[in-house]
Amino acid sequence: MFRRKKNKTRADQQRVGRAAPSSPPPAYDDSVSRGRGGQTHSTDSGVRRIAFHCQLAHGSPTGIVSEFSSIRQLYEMIAECFDIDSSEILFCTLNSHKLDMTKLMCGQLALDDFIFAHVKGRPKVVEIEKAEDALGLTIADNGAGYAFIKAIKPDSVASKIEGIYVGDHIEKIDDCSVVGSRHHEVAKVLKSIPVGSVFTIRVIEPMKSGFSEIGAKSLGGNKKSQSIGTGRETLRLSSKGPAKVEAIDEVMNVAVEKINFLLESFLGISDADLAQTIWEIGSGKANPSDLATALQDSDLSDFGFTDSFVFDVWGAISDAKQGRLRKTQEFTEEF
């Protein structure tokens, strides 16, 4: 733990864009284990102010960020806290500094979440022979122009290649930069490479710490759930307007989780925000045909969702609304 200066006021400690001092900075600050996550404050005008604690995942003092509406704004505030460029941030995890994709931050944060930012580490160039049509990669993106590997299927082409790991940011495919591309665009490029071809990818791994095996401790034996929305409310980020505080909707949460699983199965991408948009489009539709029409008429038409995908999404929405879909553990399909 780090020592704060005694003359530091409470207001100073909660100032956005400033990391709490330390001497020297720890490789890992376990203050999250004492329950310090997001905080809500009321200003003099009565306006609700929501603040979140954050650290760099490889080790840093604790900073506080607030008043952001989008992931890009959040990255900028985290970068300001720690005197780095926002382009150094690959992605964030919630309530764990470990490289755990089950805790990947998407477009929603529970109000008690603690944010850990994973930043760029060592670049690598890896040669791959595409022996099969599917490489076995699930691609996600950070909402700010970086696609990265969220999962590698066991016994796949990618699983047998040294130098490619979960969390690696895909920067180039051969000599073509994919920085700024969405996950589905990167997946499409990889899928278009002919079977039998040899190509290279340049990836950047997240910066690592010598304390990568340390886990956040929990007081009283209480463990925080891995799923977003464990509190009473969540903060939903938006690139088109202000962030919104919303009550937890368990039906929506389980449907979105299942739809995201289907995105991984059919398209090789992971995107909880896209899954939630699909839920919003489909939750009020009467049948799969109406859902297919609505998706085709929406901004998602470029994805070219197949009839099979739409039918499975409709099944997920119906099952969630009827209470037949409950836990992540029930999603046992392989892809």
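Our subject is the structure that appears above.
For clarity, every value in this text was computed on a predicted model and none was experimentally measured.

Q: Can you tell me about the overall build of the protein, naming the residues and giving the values?
A: A tally of regular secondary structure across the protein gives 7 helices and 14 strands. Burial statistics for the protein: of 335 residues in total, 47% are counted as buried. Across the protein, contacts joining residues at least 24 apart in sequence account for 64% of those joining residues at least 6 apart. Surface summary for the protein: the accessible area is close to 17200 Å², and the carbon and sulfur share equals 48%.

Q: Report on the sheet that holds strand β13 (residues 244-247), specifying residues and quantitative values.
A: Pairing within the open sheet is antiparallel, and its 3 strands lie in the order β5-β12-β13. Both outer strands of the open sheet, β5 (108-110) and β13, are each paired with one neighbouring strand and no more. Adjacent strand axes in the sheet meet at a mean angle of 35° when their direction is disregarded. As defined by bridge partners, strand β12 (residues 233-236) adjoins β13 across 4 bridges and the pair is classed as antiparallel. Within the sheet, the bridge partner assigned to E233 lies in β13 and is A247.

Q: Explain the packing of helix α5 (residues 272-282) against helix α6 (residues 288-296) residue by residue, including any values.
A: Remark: α5 packs on α6, axes separated minimally by 9 Å, with the N-to-C direction vectors making an angle of 125°. With respect to their mutual orientation, α5 and α6 come out oblique. Considering only the axes of α5 and α6, their crossing is right-handed. Two secondary-structure elements touch here, α5 through I278, I281 and G282 and α6 through L291, A294 and L295. Broken down by class, the residue content of the contact of α5 with α6 amounts to 5 nonpolar, 1 polar and no charged.

Q: Go over the packing of aromatic side chains with me, naming the residues and quoting the values.
A: Under the counting rule described, the total for this entry stands at 6 aromatic pairs. Both rings, one in F266 and one in F309, keep their centres 5.4 Å apart while their planes meet at 75°; by these two values the pair is edge-to-face. You can see F266 sitting in helix α4 (residues 250-267) and its partner F309 sitting in helix α7 (residues 307-321), a full 43 residues away along the chain. For F266, a relative accessible area of 35% corresponds to the partly exposed category. The exposure class assigned to F309 is buried, which follows from its relative accessible area of 1%. Through successive ring pairs, a cluster of aromatic residues spans F266, F303, F305 and F309. Taking the ring centre of Y165 as reference, the NZ or CZ of K208 above it sits at 5.9 Å.

Q: Can you break down helix α2 (residues 71-82) residue by residue, with the values?
A: With 12 residues, α2 extends 17 Å from end C-alpha to end C-alpha; this agrees with the ideal 16 Å at 1.5 Å per step. Within α2 the residues assigned to the buried category are I71, L74, Y75, M77, I78, A79, C81 and F82.

Q: For helix α3 (residues 183-192), give the residues involved together with the corresponding values.
A: Listed as buried for α3 are H183, V186, A187 and L190. Projected down its long axis, α3 shows its buried positions confined to an angular sector of 100°, all on one face. Among the exposed residues of α3, those pointing more than 90 degrees away from its buried face are K188 and S192.

Q: Describe the side chain of S96, naming the residues involved and giving the relevant values.
A: Structurally, S96 is set in the loop between β4 (89-94) and β5. A polar side-chain atom of S96 sits 3.1 Å from the main-chain amide nitrogen of K98. When neighbours within four sequence positions are excluded, S96 is seen to be in contact with K103 and F116.

Q: Talk me through the packing of α5 against α7; I want residue IDs and the actual numbers.
A: Interhelical geometry of α5 versus α7 gives an angle of 75° and a closest axis separation of 11 Å. Taken together, the axis directions place α5 and α7 in an arrangement best described as roughly perpendicular. Residues I278, W279 and G282 of α5 lie in contact with α7, whose contacting residues are F309, V313, W314, I317 and K321.

Q: Could you give an account of the pattern of salt bridges, with specific residues and numbers?
A: Per the counting criterion, the structure on display carries 10 salt bridges. Linking D168 and K124 is a salt bridge whose minimum nitrogen-to-oxygen distance equals 3.0 Å. Residue D168 is located in the loop between β8 (147-152) and β9 (169-173), and its partner K124 is located in strand β6 (residues 115-129); the two are separated by 44 residues in the primary sequence. Judged by relative accessible area, D168 falls into the buried class, the value being 1%. Here D133 and K191 are joined by a salt bridge, their closest N and O atoms 3.2 Å apart. Taken together, the residues span a long stretch of sequence, with D133 in the loop between β6 and β7 (137-141) and K191 in helix α3 at a distance of 58 residues. Taking the relative accessible area as the measure of exposure, K191 reaches 54% and is therefore exposed. A cluster of three or more residues bridged by salt bridges with shared partners is formed by R122, K124, D168, E205 and K208.

The rules behind the values
- Here the residue numbers are simple positions, counted from 1 along each chain's written sequence.
- In view of the model being predicted, local features appear only for residues whose pLDDT reaches at least 70, and side-chain atom pairs are presented and counted only at 80 or more, with totals across whole chains, interfaces and linings using the full set of residues.
- Just so you know, side-chain values use all the structure's heavy atoms and leave hydrogens and water out.
- Strands here mean DSSP runs of E at least two residues long; helices mean DSSP runs of H or I at least four residues long; both are numbered from the N terminus.
- Each residue is placed in one exposure class: buried if its accessible area under a 1.4 Å probe, protein chains only, is under 20% of its type's maximum, exposed if it is over 50%, and partly exposed if it falls in between.
- Two residues form a contact once any of their heavy atoms are found within 4.5 Å.
- Computed by Shrake-Rupley with a 1.4 Å probe, the accessible areas treat only the displayed protein chains as cover when residues are assessed.
- If DSSP finds at least two bridges between two strands, the strands pair.
- For helices, the fitted line uses only the C-alpha atoms of the stretch in contact; every axis is such a line through C-alpha atoms, and the angle between N-to-C directions lies from 0 to 180 degrees.
- Each angle is binned into one of four classes, with values under 35 degrees roughly parallel, values over 145 roughly antiparallel, values of 65 to 115 roughly perpendicular, and all other values oblique.
- Here a crossing is called left-handed whenever its near helix is offset anticlockwise from the far helix by less than a right angle, and right-handed whenever the offset is clockwise.
- In this classification, the charged set is Asp, Glu, Lys and Arg, the nonpolar set is Ala, Val, Leu, Ile, Met, Phe, Trp, Tyr, Cys and Pro, and all remaining amino acids, among them Gly, are polar.
- Centres within 6.5 Å are what make two rings of Phe, Tyr or Trp a pair, Trp counting through its six-membered ring; a difference in plane orientation under 30 degrees is then read as stacked, over 60 as edge-to-face, and the rest as tilted.
- Each ring is checked for a lysine NZ or an arginine CZ that lies within 6 Å of its centre and within 35 degrees of its normal; such an atom marks a charge sitting over the ring.
- To estimate the expected span of a helix, subtract one from its residue number and multiply by 1.5 Å.
- The arc in question is formed by the directions pointing from the helix axis toward the C-beta atoms.
- Polar contacts, as used here, are pairs of N or O atoms within 3.5 Å; protein pairs need one atom able to donate a hydrogen and one able to accept it. Residues neighboring in sequence count only if both atoms are side-chain atoms.
- Basic side-chain nitrogens of Lys or Arg form a salt bridge, by our definition, when they fall within 4 Å of a carboxyl oxygen of Asp or Glu.

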